[in-house]
Amino acid sequence: MTEDVRNIVLGLIAVGISAALGWLVRGALWKRRLRRKQAFFGLPENSESLLVVNRDAGGPELMVVRQDVFALIELAGVVRECRAHAQVVAHDAAQQGFGERTEFCVGNPVANRRMAAHMHSLLPGVRVNTEPEPVPDRGAFQIGPERYRLEAGLTEYVILARLTADQGQDARPVFLFCGQRAVTSQAATRYLARHHEKLARKHGNKPFVLLLKIVNSQAYGPDVVEVVADVTQDARTPLPTPARASHRAK
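Here's a quick rundown of the structure. (Residues numbered from 1 in each chain as written. Predicted model: local features only at pLDDT ≥ 70, side-chain atom pairs only at ≥ 80, totals over all residues. Heavy atoms only, no water.)

1. Structural notes on the overall build of the chain
No. 1: Helix and strand counts for the chain come out as 6 helices and 10 strands.
No. 2: When contacts within the chain are restricted to residue pairs at least 6 apart in sequence, those whose partners lie at least 24 apart make up 67%.
No. 3: Carbon and sulfur atoms make up 53% of the accessible area of the chain, which amounts to about 13,700 Å² in all. (Helix = DSSP H or I, 4+ residues; strand = E, 2+ residues; numbered from the N terminus. Contact = heavy atoms within 4.5 Å. Areas by Shrake-Rupley, 256 points an atom, 1.4 Å probe, with all protein chains shown as cover.)

The structure is reproduced here in C-alpha cells:
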C-alpha cells in the first residue's frame, strides 16, 4: 500500500469515526431533551392522557368548535412527540379525579364543567365574570387584586396553568387553558407547544399559572401573544369574601 493510499484510508476511517461519534452525541442529546419534555408534561412513553373539551351546542354527540379543534391539534402533537397516547373526552363525561393521567383541559368555566371544577379546587384566587348581560365586566378575569376585561378581537386574556394534586412526585399534572374566547385557548395551547422548553427551564416540574394576552386577534388570530404576568401566588390564594379587589381594567 502506497503512502497516498494509506493516507486516504486513514482519512476515511477518521471521517467514519467522527460521523459515528456525532450521531451518538446527537442521539444522546435528543433522548435527554425527550426525557425532559416527557417529565414536564408528565407523559412517559406509552402513557395515557386526557384532552378535555367543551361540547358544541350542547348536543349528545361530541361536536367541537373550530378553534377548540385547532387547540386539540396542538396538544395532540405534543402528546405524540412524547410517544404517549391521548383520549378526547367531553367536559361532562370526564367524571374522575386527576393525578393518575396527564390532563389537558380546554375551555371557559362557563361552558366547561371540568374547567369550573378545576378552577374552584386549584385556583381559588381566580374569578370569572359569568354575567350573561352585555355589561363591561362580562367575561372579565379577577386574579387577586386585579381585573382583566375582555375587548373582543382587540385584547383578550387566557390563563395557562400547570398544576398537580398533592399526591407526591408521581402525580401527573393537569394543564388548564382557560380563555375569555375560544381563540385564546388556541393561542395558549400553541404558546405551550412552542415554549415548553423555556417554561421547563424556568419552572421545572413545579406548578405555575401564567396570564397571557392575545393582541388583536381579529387581525392576527392566535399568533400574537404576550405574557402579562406570572400570577401563581395570587391565583392560588383564595379571594376574600366578599372580595375587596380593585376594579382597575387592564
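That was the structure; now back to the text.
2. A look at the sheet that holds strand β1 (residues 48–53)
No. 1: What the 7 strands build is an open sheet, ordered β2-β1-β3-β8-β7-β9-β10; its pairing is mixed. Among the strands making up the open sheet, the edge pair consists of β2 (85–90) and β10 (225–230). The sheet shows a mean angle of 20° between the axes of neighbouring strands, direction not considered.
No. 2: Sheet strands touched by helix α3 (residues 113–122): β1, β3 (102–106), β7 (155–163) and β8 (174–179). Its angle to β8, the strand with the most contacts, is close to 110°. (Pairing = 2+ DSSP bridges. Axes fitted to C-alpha atoms, helices over the stretch in contact; angles between N-to-C directions.)

3. A look at the environment of L123
No. 1: By the element assignment, L123 lies in the loop between α3 and β4 (126–128).
No. 2: On the basis of relative accessible area, L123 is assigned to the buried category, the value being 0%.
No. 3: For the pair L123 and I143, spaced 20 residues apart in sequence, the C-alpha to C-alpha distance is 9.3 Å.
No. 4: Not counting chain neighbours up to four residues away, the residues in contact with L123 comprise H118, I159, L163, L176, V209, A235 and R236. (Buried < 20%, exposed > 50% of the residue type's maximum accessible area, 1.4 Å probe, protein only.)

4. Overview of the side chain of N108
No. 1: Locating N108 in the fold gives a position in the loop between β3 and α3.
No. 2: N108 sits in the buried class, given a relative accessible area of 16%.
No. 3: In this structure N108 touches N54, M115, V128, G179 and Q180, once residues within four positions along its chain are discounted.

5. Quick notes on the environment of T184
No. 1: Within the fold, T184 resides in helix α4 (residues 182–203).
No. 2: Owing to a relative accessible area of 0%, T184 belongs among the buried residues under this scheme.
No. 3: Each residue touching T184, except ones within four places of it in the same chain, is listed here: E156, Y157, V158, G179 and I214.

6. Quick look at the nonpolar core
The tendency in soluble globular proteins is for nonpolar side chains to be buried as a group.
No. 1: Counting 27 residues, the largest nonpolar core has F41, F104, L160, F177, L192 and L199 as its most contacted members.
No. 2: Those elements that provide at least two residues to this core are α1 (3–41), β1, α2 (66–81), β3, β7, β8, α4 and β9 (208–215).
No. 3: Sequence-distant contacts of L192, defined by excluding residues within four places in its chain, comprise F40, F41, L160, F175, F177 and L199.
No. 4: Of all hydrophobic cores here, the second largest spans 24 residues; its members include Y148, A161, L163 and V174. (Core = buried A, V, L, I, M, F, W, Y, C linked by side-chain atoms within 4.5 Å.)

7. Quick look at a positive patch on the surface
No. 1: On the surface, K31, R32, R35, R36, K198, R201 and K202 cluster together into a patch of positive charge.
No. 2: Residue assignment for the positive patch shows that the elements contributing at least two residues are α1 and α4.
No. 3: With 4 residues, the single largest contributor to the positive patch is α1. (Patch = residues over 30% accessible without salt bridge, like charges linked within 9 Å, V, L, I, M, F, W, Y side chains within 5 Å. Salt bridge = Lys/Arg side-chain N within 4 Å of Asp/Glu carboxyl O. Lys, Arg positive; Asp, Glu negative; His and termini not counted. Charge placed at Lys NZ, Arg CZ, Asp CG, Glu CD.)

8. Re the pairing of β1
No. 1: Burial analysis of β1 places 5 of its 6 residues in the buried class, which makes it a mostly covered element.
No. 2: In this structure, β1 lies alongside β2, joined through 6 bridges in parallel fashion. Bridge pairing in β2 links S49 to A86.
No. 3: Alignment of β1 against β3, held across 4 bridges, turns out to be parallel. Directly across from L50, in β3, lies its bridge partner E103.

9. So, the pattern of salt bridges
No. 1: What the rule picks out here adds up to 10 salt bridges.
No. 2: A salt bridge links E197 to R33; the nearest nitrogen and oxygen atoms lie 2.5 Å apart. Placement of the pair is E197 in helix α4 and R33 in helix α1, with a sequence separation of 164 residues.
No. 3: For E197, a relative accessible area of 33% gives the class partly exposed.

10. Regarding the sheet that holds strand β5 (residues 141–143)
No. 1: Read from one edge of the open sheet, 3 strands run β4-β5-β6, paired in antiparallel fashion. Each of the sheet's edge strands pairs with one partner strand only, and the pair in question is β4 and β6 (146–148). Taking the axes of each pair of neighbouring strands and ignoring which way they run, one obtains an average angle of 20° across the sheet.

11. Here's the deal with α3
Given 3.6 residues to a turn, an α-helix orients residues that are three or four positions apart in the same direction.
No. 1: Of all the positions in α3, only R114, M115, H118, M119 and L122 are classed as buried. Across the axial projection of α3, the buried residues extend over an arc of 135°, all falling on one side. Among the exposed residues of α3, those oriented more than 90 degrees off its buried face are R113, H120 and S121.
No. 2: In this structure, the buried residues of α3 make contact with β1, β3, β4, β7, β8 and α6 (232–236). (Arc of directions from axis to C-beta.)

Fair warning: the whole summary comes from geometry, so function is off the table for now.
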